[in-house]
Every structure is written in C-alpha cells, then in structure tokens.
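Listed here are the chains, written in short residue letters.
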Amino acid sequence: MSHVMNTYARLPVAFSHGNGSRLTDTGGKAYLDALSGIAVNTLGHNHPALVAAISAQAGRLLHTSNIYRMPQQERLADKLAELSGMDEVFFCNSGCEANEAAIKLARFYGHRQDIDNPAIIVMEHSFHGRTLATLSATGSRKVQAGFEPLVAGFVRVPFNDLEAVRAIGEHNKNVVAVMLEIVQGEGGVYVADLEYQRGLRKLCDENGWLMICDEVQCGMGRTGTWFGFQHAGIRPDVVTLAKGLAGGVPIGACLAAGKAAWLFQPGNHGSTFGGNQLATTAALTTLEVVEKENLLVNAVSVGEVVREGLAQALSGVPGVVGIRGMGLMIGIELDRPCGELVQRGLDAGLLINVTAERVVRLLPALNFSADEGRELVERLSALIRAFLAS
C-alpha cells in the first residue's frame, strides 16, 4: 500500500503528460480534459509560454521568503489591482488560505468597530475550504461532520435570498461581513443573481459591513470576465483567489479595497511560501497569456457552444433537470445521483466531475476550442443519455 494518507477516493488512472486539453495516461490512452485540474490549469497543459517562464525562473531563484522584497510579487499585486479595482493584495498558497485571510480580516475590522464577537453571514451550500475556520463557514454538513466543535461566528442564510440577509442584520448587531461565492461550484454550479449581488453591496454599504466574494473557483476569467463580480458592476471589499491564478502552480490571494484595505500591518498575518518568485512568475505569465490570446472572449463563446449544444442534445431527455453556469463553468443537473458518470467518462476517455451528487460539473481550460466544445457535447451527451436510460 502507498504511504499517502487516504484522504481522496482516487480514480484508477495516472497521467504521464498533456498538451492543451489533451492528457495521456501512463498506459498511452488519450483523454479530453474538461476539468483542467478542477479549474486550475487555466492555459491547459504544457503551454509553451508558461513552461518557458517557470523553467527560466527556476533556473534563477525559487524562494527567499517574505522577509525580503520580491519584484515579481509586487508586479503581480499591481496587475491584480489593475484588473479588479482593488487596493492591496496578500499572497498565500491556496483557496482555503485566501479565505482564512478574508475571515481574519473581517474579524479584525469588526474589532476595530468595537464589536467583541464579530459575525459573518455565509450561504447555504457554500464551500470555502477544509481548514477549521473555512469548513465552519462552509454550508455542508458532509464537510463539517467529525470536526466539531466548529469555529463560532458564522450565521447561515439561503443563497440568493436578500431578505434573509437583511433580516439577520436587523436582529444581529455583531454582523461585520457577508461572504459568498459568485458561482457556487462545489454546491452545484449555482450563480448569484446580478440583482442579488447589487442588493448585497447596498446592504453592506448601509450597514458598514464588508462584502467578501470568494472567487477561488470562478475567478481569473472563468465566467468571461476577470472576476465574477464584474458582471454585476460592483466592487467588493474583499476578494479571494487561487486555483487558476498561476495556471497550475500553487498560489492564493486575498484582495482588499476601501474600508477593508490597509488594515493588516506587520505581524497581523503572514505566509512563508506565499507569493514567492516561482508562483508569482507563473501567475504573471498566466495573466499575460489570457490577455494576449483573448481567453476571456473565448470563455464566453466556447461556454455558449457547450451550454447550447448540451441543451439541444439533451432536450426532452427524461432525467435532465437543467443546464446552468457562466462562461466555462457549467453544470448539468440530473434527477438522481450520478457519481458513476465520472468513471464512465474515464472509461470513454473524458475527464469530468460530479458535485452535489447530481450535477455534472465542467471546468475546461480557458483556451478550450470551439471544436473541443462540440466534441465534449457529443461525447458527454451520449454518456448522460446512456446513464439515464440504464
């Protein structure tokens, strides 16, 4: 047996190499990758610009720590501020770390308002991570079970229900922030309504709360804009990023603006590895390629090809509840648990995912082509039809 801790129900396959959205396993079998490492491989596999940048940086310097200045980190912070309209950036290594930073920032902000027990409003069916604070914020008992006592200070409401948030605010004067995913990925690919986002922004402004947007999965161009919140024309106070930011190299980021900016000072938070030379070089290169290759536009157009193609191919099929998403973040909900579709896809040379038990989740690379989109529709719709008929 392997000495790797048994924390994953791994599929019986290992990959040796990839190119674009194609992967090859150690036995030589080819696969179409419609998952991109769970929204991580923004540029697909083996993109020449990213390979060259990582190789060159590895030959110069990997890591020195945040004791010292790092020009690459400063350039990346400037670029993220330019793209998002935010004011400052803290770098870490993962999405849960970025969300931990956001939670700490909200509590720190609350204490500065003389609130001794700051509370954060969070959403049902959300997913923010697996550390103790982030799993406590997460709206899934499956994730939380066995890890009690949970961290206090989170108040849960239904997603897309503005009046529920308003009601909590009227009765709980300890509220300091509202935290939500613009698209709930793990929860089943549910999109926050635009008017809901605008309403939350207004409520936060009226009450002096921070609006925290977890864009760990949906950020960095996946919805067709750099950040999901940009569809609503708002600016949050805090935004968290990870996954696709560096195209496959681990990195996380917590962005702050307005009343959330400039709160942390030396000693309030930190990370040994966060934002080191290798990770920030990979992130800068990923952003450059997304811009150069017009991948935001591609995410919109190819996303439409996939959603419209699936809608047509699965029209009238009993058992298909709905198809939803934004850009290249797509969910197909069925009327029954469908986890076995992952293995069926693997057998057929197609990498997909199932979340919330009944939702097939697609997260292709942002340079997924229209032809690959049509191939995905043809192959996946056949798999779904066969599964529902079995």
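Keep in mind it's a predicted model, so treat the numbers as computed, not measured. (Residues numbered from 1 in each chain as written. Predicted model: local features only at pLDDT ≥ 70, side-chain atom pairs only at ≥ 80, totals over all residues. Heavy atoms only, no water.)

A.B. asks: Mind showing me how you'd approach the side chain of Thr225 here?
C.D. replies: By the element assignment, Thr225 lies in the loop between strand 10 (210-214) and strand 11 (238-241). Side-chain polar atoms of Thr225 contact the backbone oxygen of Phe227, separated by 2.6 Å. In terms of polar contacts, Thr225 uses its side chain to reach the side chain of His231, at 3.2 Å. Thr225 has contacts with Gln230, His231 and Leu296, leaving out every residue within four places of it along the chain. (Helix = DSSP H or I, 4+ residues; strand = E, 2+ residues; numbered from the N terminus. Polar contact = N/O pair within 3.5 Å; in protein donor to acceptor, adjacent residues only side chain to side chain. Contact = heavy atoms within 4.5 Å.)

A.B. asks: How do you make sense of unusual backbone geometry when you look at a structure like this?
C.D. replies: The phi torsion of most residues other than glycine is negative, and most of the peptide bonds are trans. The omega angle of the peptide bond from Glu148 to Pro149 is 5°, so this bond is cis rather than trans. Within the secondary structure layout, Pro149 lies in the loop between helix 6 (141-144) and strand 6 (154-157). Despite not being glycine, His125 shows a phi value in the positive range, around 65°. With respect to the helices and strands, the residue His125 is situated in the loop between strand 5 (119-123) and helix 5 (132-137). Positive phi, normally seen in glycine, also occurs at Met220, with a value near 60°. Relative to the helices and strands, Met220 is located in the loop between strand 10 and strand 11.

A.B. asks: How do you make sense of the packing of aromatic side chains when you look at a structure like this?
C.D. replies: The geometry of two aromatic rings is summed up by the distance between their centres and the angle between their planes. All told, the structure shown has 4 aromatic pairs when counted by the stated rule. For the pair Phe15 and Tyr31, a centre-to-centre distance of 5.3 Å together with 90° between the ring planes defines the contact as edge-to-face. Of this pair, Phe15 sits in strand 1 (residues 15-19) while Tyr31 sits in strand 3 (residues 30-33), placing them 16 residues apart in sequence. (Phe/Tyr/Trp six-rings, centres within 6.5 Å; stacked < 30°, edge-to-face > 60°.)

A.B. asks: I'm lost on the sheet that holds strand 16 (residues 353-355) in this one. Help?
C.D. replies: To summarise the sheet geometry, strands pair through backbone hydrogen bonds and adopt either a parallel or an antiparallel arrangement. Within the open sheet, the 4 strands sit side by side as 13-14-17-16. Their pairing is antiparallel. Edge strands, defined here as strands with exactly one partner in the open sheet, are strand 13 (320-326) and strand 16. For this sheet, the mean inter-axis angle between neighbouring strands, taken without regard to orientation, is 25°. Examined bridge by bridge, strand 16 and strand 17 (residues 359-362) share 3 bridges and lie antiparallel to one another. (Pairing = 2+ DSSP bridges. Axes fitted to C-alpha atoms, helices over the stretch in contact; angles between N-to-C directions.)

A.B. asks: When you look at a nonpolar patch on the surface in this model, what are you seeing that I'm missing?
C.D. replies: A cluster of nonpolar side chains, Leu132, Phe147 and Leu150, forms an exposed patch at the surface whose accessible area comes to about 270 Å². The topology assignment puts Leu132 in helix 5. Here Leu132 falls in the partly exposed class, since its relative accessible area comes to 48%. (Patch = residues over 30% accessible without salt bridge, like charges linked within 9 Å, V, L, I, M, F, W, Y side chains within 5 Å. Areas by Shrake-Rupley, 256 points an atom, 1.4 Å probe, with all protein chains shown as cover. Salt bridge = Lys/Arg side-chain N within 4 Å of Asp/Glu carboxyl O. Buried < 20%, exposed > 50% of the residue type's maximum accessible area, 1.4 Å probe, protein only.)

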